[in-house]
Amino acid sequence: MMTLDYPHRRFNPLTREWVLVSPHRARRPWLGQVEKTPGEDLPAYDPTCYLCPGNERAGGIKNPEYTSTFVFDNDFPAVLRPEQVEQNPAALPDSPLFAAKPEYGTARVVCFSPRHDLTLPELSQEQVEAVVRTWTEQTRELGARDYVRYVQVFENKGAMMGCSNPHPHSQIWAVSQVPNEPAKELAAQAEYLKEHGSCLLCDYLEEERRLGERVIAENGGFTALVPFWAVWPFEVMLVARRHSASLTDLTVSEVSFLADIIRRITARYDNLFEISFPYSMGFHQAPTDGGRYEGQHLHVHFYPPLLRSATVRKFMVGYEMLAMPQRDLTPETAAERLRGLSEQHYRLVKAA
Ligand code: H2U
Ligand code: ZN
């Protein structure tokens, strides 16, 4: 077990950025903001929820009486299809100091199930497999559009993350240019492949599995670990065991493995403070422009904001905004905490 209890920095080879780790600081007192804990007793159906089956959304559209996953075009999309944009893109400034480019795309919302009250770890294996298959089909369908170069699948969970509705759902933004985060990671992975003749995440995964100290759980298809360079206190990465680039490359059994690891990790998250654990999570996959992205290795990032309890969050402010990210708790300690938790969801245990 690595014991580094003095300040140091760690390198993230995926983004090629550094994070400052200050383990000696974890015990400082907290007199700051205390968050509200999320409501526990949600109804299975909420007549005022715009995502529940049969209910009305903005603009008067009615949701069908869906029984599995449900996908719809976001009624307030951040990006528009080329034919929806009337402005002449040539009017945009394009010089080194005033650079702008048009961005096209399609934004969708994916409801996980008709149930207003059940999050990923509370859904069955079959139900989460349906969610994974929906994300995969959406990646394929939207990725095939000529104006789409990248399909970002993500979930924003919890009021603390700015999520507007507790009804379990994710979003998909399919856009015409590779966004910043995947762009950095694609470049780093391509360069690593060129330099070492092997895949960055294949090599990293092999080493992490050998060391074991940051691994939380795994199955035949995926390993869940706290990355060596984690920024958020309980950040987790799910890494595909096989060198696959995208959701669309997964075999039927890998889809099951992915659903399994998602359920197990989110159950551990909820069990950590016995609340519905907030986070932003998302997939990093290959662009859909037909290019070859041999270095790209499918993975999922979970970025949860909570630090030491259900009510004390990590703020990315001050030094983080102006200099570089910093963390107190070491990734090894976070992994140990998560590893020690049950995979039986506390609410299901209480209900039994
Ligand atoms: P969050 O995942 O951040 O809660 O966002 C939910 C999305 O749902 C948000 O992008 C969309 C919002 O634009 N939405 C609709 O498409 N229709 C509605 O009637 C309300 C919200
Ligand atoms: Zn609902």
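Refer to the structure printed above.
Residues numbered from 1 in each chain as written. Chains lettered and ligands numbered in written order. Predicted model: local features only at pLDDT ≥ 70, side-chain atom pairs only at ≥ 80, totals over all residues. Heavy atoms only, no water.

### A closer look at the site of ligand 1
Link 1 in the chain: Taken together, 15 residues form the shell around ligand 1, and within it Ala58, Asn74, Asp75, Ser164 and His169 come nearest.
Link 2 in the chain: Here an oxygen atom of ligand 1 and a side-chain polar atom of Ser164 are 2.7 Å apart.
Link 3 in the chain: Contacts to ligand 1 include Gln171, whose side-chain N or O atom sits 3.0 Å from an oxygen atom.
Link 4 in the chain: For ligand 1, the accessible surface in isolation is 480 Å², of which the surrounding protein chains cover 86%.
Link 5 in the chain: Considered class by class, the residues forming the shell around ligand 1 number six nonpolar, seven polar and two charged. (Near = heavy atom within 4 Å. Polar contact = N/O pair within 3.5 Å; in protein donor to acceptor, adjacent residues only side chain to side chain. Areas by Shrake-Rupley, 256 points an atom, 1.4 Å probe, with all protein chains shown as cover. Nonpolar A, V, L, I, M, F, W, Y, C, P; charged D, E, K, R; others polar.)

### Digging into the coordination of the zinc ion (ligand 2)
Link 1 in the chain: Coordination of the zinc ion (ligand 2) by the protein comes from Cys49 (SG), Cys52 (SG), His116 (ND1) and His167 (ND1), over a distance range of 2.0 to 2.3 Å.
Link 2 in the chain: Because the angles between the four donor atoms bound to the zinc ion (ligand 2) fall within 102 to 116°, the donor set is best described as tetrahedral.
Link 3 in the chain: In primary sequence terms, the donor set of the zinc ion (ligand 2) follows C-x2-C-x63-H-x50-H. Here His116, found in the loop between strand S4 (105-111) and helix H1 (125-143), pairs with His167, found in the loop between strand S5 (150-157) and strand S6 (169-175); they are 51 residues apart in sequence, far enough to count as distant. Grouping residues by exposure puts His116 and His167 together as buried. (Donors = N, O, S within 2.8 Å, 3.2 Å for Na, K, Ca; no water. Tetrahedral: all angles 85-135°; square planar, octahedral: opposite > 155°, others 65-115°. Helix = DSSP H or I, 4+ residues; strand = E, 2+ residues; numbered from the N terminus. Buried < 20%, exposed > 50% of the residue type's maximum accessible area, 1.4 Å probe, protein only.)

### Quick look at the packing of helix H4 (residues 252-273) against helix H6 (residues 331-339)
Link 1 in the chain: Following both chains from N to C, one finds H4 and H6 inclined at 95°, their axes separated by 9 Å at the closest point. Our classification of the angle between H4 and H6 gives roughly perpendicular. Of H6, the residues touching H4 (which contributes Arg268, Tyr269, Leu272 and Phe273) are Arg337, Leu338 and Arg339.
Link 2 in the chain: Here the residues of the contact of H4 with H6 are counted per class, giving four nonpolar, no polar and three charged. (Axes fitted to C-alpha atoms, helices over the stretch in contact; angles between N-to-C directions. Parallel < 35°, antiparallel > 145°, perpendicular 65-115°, else oblique. Contact = heavy atoms within 4.5 Å.)

### Regarding the sheet that holds strand S1 (residues 8-12)
Link 1 in the chain: Pairing is mixed in the open sheet, where three strands are placed in the order S1-S2-S12. Edge positions in the sheet fall to S1 and strand S12 (326-327), since each of these pairs with one other strand and no more.
Link 2 in the chain: One ladder, built from two bridges, connects strand S2 (residues 17-21) with S12; its direction is parallel. Looking across to S12, one finds that Val21 is bridged to Arg327. (Pairing = 2+ DSSP bridges.)

### Digging into the nonpolar core
Link 1 in the chain: Membership of the largest hydrophobic core comes to 54 residues, with the highest contact counts inside it found for Trp135, Val236, Leu238 and Leu258.
Link 2 in the chain: In terms of residues, this core owes the most to one element, H4, which gives nine residues.
Link 3 in the chain: Beyond its immediate sequence surroundings of up to four residues, Leu238 is in contact with Thr223, Ala224, Leu258, Ile261, Ile262, Ile265, Leu298, His299, Val300 and Phe302.
Link 4 in the chain: Residues Leu14, Tyr204, Leu205 and Met237 belong to the second largest nonpolar core, which totals 13 residues. (Core = buried A, V, L, I, M, F, W, Y, C linked by side-chain atoms within 4.5 Å.)

### Details of the environment of Gln344
Link 1 in the chain: Secondary-structure assignment places Gln344 in the loop between H6 and helix H7 (346-351).
Link 2 in the chain: Filtering out sequence-adjacent residues up to four positions away, Gln344 remains in contact with Asn271 and Val349.

### Let's talk about the sheet that holds S4
Link 1 in the chain: The strand order S3-S4-S6-S5-S10-S11-S9-S8-S7 describes an open sheet built from nine strands, whose pairing is antiparallel. The sheet is open, and its two edges are formed by strand S3 (70-73) and strand S7 (215-218), each paired on a single side. The sheet shows a mean angle of 20° between the axes of neighbouring strands, direction not considered.
Link 2 in the chain: Where strand S9 (residues 236-240) and strand S11 (residues 299-303) come together, four bridges link them in antiparallel fashion. Residue Met237 lies in a different strand from S11, and its bridge partner there is His301.
Link 3 in the chain: Contacts between H4 and the sheet are confined to S5, S7, strand S8 (222-225), S9, strand S10 (279-284) and S11, with S7 contributing the most and set at about 135° to the helix.

### Thoughts on a nonpolar patch on the surface
Link 1 in the chain: A cluster of nonpolar side chains, namely Val317, Met321 and Leu322, defines an oily patch on the protein surface of about 370 Å² accessible area.
Link 2 in the chain: Among the structural elements, Leu322 can be located in helix H5 (residues 319-322). (Patch = residues over 30% accessible without salt bridge, like charges linked within 9 Å, V, L, I, M, F, W, Y side chains within 5 Å. Salt bridge = Lys/Arg side-chain N within 4 Å of Asp/Glu carboxyl O.)

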